[in-house]
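# Residue-level structural notes
Each chain, letter by letter, is given below.
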Amino acid sequence: MRLLTNLQWLDADGALADGWILIESDRISDCGHGAAPQLAEATVESLEGAIVLPGFIDLHCHGGGGGSYLSGSTEEAHQAALTHRRHGTTTSLASLASASHGDLLRQIEALLPLVA
């Protein structure tokens, strides 16, 4: 169990607020504003005032970081996905351009290993 403290997050109104986040089994299990709870079993990590945001969801993307979802290359698609993850995107939808049936099938097959 990890307790992240000394952080700021954007609240529902878009304003910064002081807070804390409790993580159990790689999932957020609790969070709150102000002082963090005292939990003897938690490892406390100060984020030194860092701003924490929810993960971004990208519903239209053709690639990134030099990799393209259109190339038909799983390696390029993986490179694009990793680039977006490093910059805060937690979910993305690979967008394919209009192309022939064969080209679209090749692009989709290259993306299949990355779906999970």
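Up top is the structure.
I will try to describe carefully the structure that is included in this document.

### Some remarks on the sheet that holds strand E1 (residues 2–10)
Read from one edge to the other, the open sheet built from four strands follows the order E3-E2-E1-E4, with strand pairing classed as mixed. Two strands in the sheet have a free side with no partner beyond their single neighbour: strand E3 (27–33) and strand E4 (43–52). Strand-to-strand twist across the sheet, computed as the mean angle between neighbouring axes with direction ignored, equals 25°. Bridge analysis of E1 against E4 gives seven bridges, and the strand direction is parallel. Looking at the pairing, leucine 4 lines up with glutamate 45 of E4.

### Let's talk about the pattern of salt bridges
One pass over the full model with this rule turns up two salt bridges. One salt bridge in this structure joins aspartate 103 and arginine 106, with 3.5 Å as the shortest N-O distance. Taken together, the residues span about one helical turn, with aspartate 103 and arginine 106 both in helix H2 (residues 101–111) at a distance of three residues. For arginine 106, a relative accessible area of 36% puts it in the partly exposed group.

### Focus: the nonpolar core
Core analysis: the largest hydrophobic core is formed by six residues, namely Leu4, Leu7, Trp9, Ala17, Ile21 and Ile23. Contributions of two or more residues to this core are made by E1 and strand E2 (16–24). The contact partners of alanine 17, leaving out residues within four places of it in the chain, are Leu7, Gln8, Trp9 and His33. In this structure, Cys61, Tyr69, Ala77 and Leu111 belong to the second largest nonpolar core, which totals five residues.

### Topic: helix H1 (residues 74–86)
The end-to-end C-alpha distance of H1, which contains 13 residues, comes to 18 Å, matching closely the 18 Å that a straight helix rising 1.5 Å per residue would cover. For H1, every residue scored as buried is listed here: Ala77, Ala80, Thr83 and His84. Burial along H1 is one-sided: seen end-on, the buried residues are contained in an arc of 120°. Among the exposed residues of H1, those pointing more than 90 degrees away from its buried face are Glu75, Arg85 and Arg86. Buried residues along H1 sit in contact with strand E5 (56–61), strand E6 (63–64), strand E7 (67–68), strand E8 (89–94) and H2. Between the side-chain oxygen at the start of H1 and the backbone nitrogen of glutamate 75 there is a gap of 3.3 Å, and the oxygen is on serine 73. Phi turns positive, to about 100°, at glycine 88, one or two residues after H1.

So, how was this worked out
- Residues numbered from 1 in each chain as written.
- Predicted model: local features only at pLDDT ≥ 70, side-chain atom pairs only at ≥ 80, totals over all residues.
- Heavy atoms only, no water.
- Pairing = 2+ DSSP bridges.
- Helix = DSSP H or I, 4+ residues; strand = E, 2+ residues; numbered from the N terminus.
- Axes fitted to C-alpha atoms, helices over the stretch in contact; angles between N-to-C directions.
- Salt bridge = Lys/Arg side-chain N within 4 Å of Asp/Glu carboxyl O.
- Buried < 20%, exposed > 50% of the residue type's maximum accessible area, 1.4 Å probe, protein only.
- Core = buried A, V, L, I, M, F, W, Y, C linked by side-chain atoms within 4.5 Å.
- Contact = heavy atoms within 4.5 Å.
- Expected span 1.5 Å × (residues − 1).
- Arc of directions from axis to C-beta.
- Polar contact = N/O pair within 3.5 Å; in protein donor to acceptor, adjacent residues only side chain to side chain.

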